[in-house]
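Residue-level structure breakdown
Here's the letter readout for the chains.
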Amino acid sequence: MSTVYVIVTVLAAVAAAAAALLDVVRADWVRENMRRYGLPDWTLTPLALIKAAGAVGLLAGLAFPPLAFAAAAGLVLYFAGAVATVARARWYSHLRYPLPYLALAAGSLALFGYA
């Protein structure tokens, strides 16, 4: 297993878990941003679950690689959707928030072949 793959995958998992935690805590600034993106508050829980499942899947995937592939692919789709949601809201200065998460998930997926 490539050291770079493991590092990127662990970083992607930590980032996704941190993002999920922010949704669970329901920080005021997170809720306000979600409203400005056109999403109701109730969506925070399902979105947090998706991110948490992706984080767990990436870490468990270090032992069972097909799970890592599925988790990374799911997180890429999730964060691509987050980028699209922010762009749809025309709040382009906020694109810098989901893009690093997308880059980490995509990096994990791209490096999967080298695992």
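Structure: above.
To start, this report covers the structure provided alongside it. (Residues numbered from 1 in each chain as written. Predicted model: local features only at pLDDT ≥ 70, side-chain atom pairs only at ≥ 80, totals over all residues. Heavy atoms only, no water.)

In this model helix α4 (residues 65-88) runs 34 Å from its N-terminal to its C-terminal C-alpha over 24 residues, within 8% of the 34 Å that 1.5 Å per residue would give. Every buried residue belonging to α4 is among Ala68, Ala71, Ala72, Leu75, Val76, Tyr78, Phe79, Val83, Thr85 and Val86, and all of these are buried. Looking one or two places after α4, you find Arg90, whose phi comes out positive at around 60°. (Helix = DSSP H or I, 4+ residues; strand = E, 2+ residues; numbered from the N terminus. Expected span 1.5 Å × (residues − 1). Buried < 20%, exposed > 50% of the residue type's maximum accessible area, 1.4 Å probe, protein only.)

Attention now goes to a nonpolar patch on the surface. A cluster of nonpolar side chains, Leu21, Val24 and Val25, forms an exposed patch at the surface whose accessible area comes to about 300 Å². Here Val24 falls in the exposed class, since its relative accessible area comes to 58%. (Patch = residues over 30% accessible without salt bridge, like charges linked within 9 Å, V, L, I, M, F, W, Y side chains within 5 Å. Areas by Shrake-Rupley, 256 points an atom, 1.4 Å probe, with all protein chains shown as cover. Salt bridge = Lys/Arg side-chain N within 4 Å of Asp/Glu carboxyl O.)

As a rule of thumb, nonpolar side chains are buried together in soluble globular proteins. Ranked by internal contacts, the top residues of the largest apolar core, which has 22 residues, are Val30, Met34, Leu58, Leu75, Phe79 and Leu102. Contributing elements (two or more residues each) for this core: α1 (3-25), α2 (28-36), α3 (44-60), α4 and α5 (98-111). It is α4 that contributes the most residues to this core, eight residues altogether. Setting aside residues up to four positions removed in sequence, Leu102 forms contacts with Val76, Phe79, Ala80 and Val83. (Core = buried A, V, L, I, M, F, W, Y, C linked by side-chain atoms within 4.5 Å. Contact = heavy atoms within 4.5 Å.)

Before going further, it helps to spend a moment on the packing of α4 against α5. Remark: α4 packs on α5, axes separated minimally by 8 Å, with the N-to-C direction vectors making an angle of 155°. When the axis of α4 is compared with that of α5, the two are roughly antiparallel. When the axes of α4 and α5 are compared, the crossing they make is left-handed. Residue-level contacts link Phe69, Ala72, Ala73, Leu75, Val76, Phe79, Ala80, Ala82, Val83 and Val86 of α4 to Pro98, Leu99, Tyr101, Leu102, Ala105, Ala106, Ser108 and Leu109 of α5. Across the contact of α4 with α5, the residue classes tally to 17 nonpolar, one polar and no charged. (Axes fitted to C-alpha atoms, helices over the stretch in contact; angles between N-to-C directions. Parallel < 35°, antiparallel > 145°, perpendicular 65-115°, else oblique. Left-handed = near helix turned anticlockwise from the far one by under 90°. Nonpolar A, V, L, I, M, F, W, Y, C, P; charged D, E, K, R; others polar.)

Another point: α1. Helix length check: α1, at 23 residues, gives a terminal C-alpha distance of 33 Å against a target of 33 Å (1.5 Å per residue), a fit within 8%. Taken together, the buried positions of α1 are occupied by Tyr5, Val8, Thr9, Ala12, Ala13, Ala15, Ala16, Ala19, Ala20 and Asp23. Residues of α1 that are buried sit in contact with α2, α3, α4 and α5. Among the residues of α1, the N-terminal cap falls to Ser2, whose side-chain oxygen and the backbone nitrogen of Val4 are separated by 3.3 Å. Arg26 occupies a position one or two residues after α1 and carries a positive phi of about 60°. (Polar contact = N/O pair within 3.5 Å; in protein donor to acceptor, adjacent residues only side chain to side chain.)

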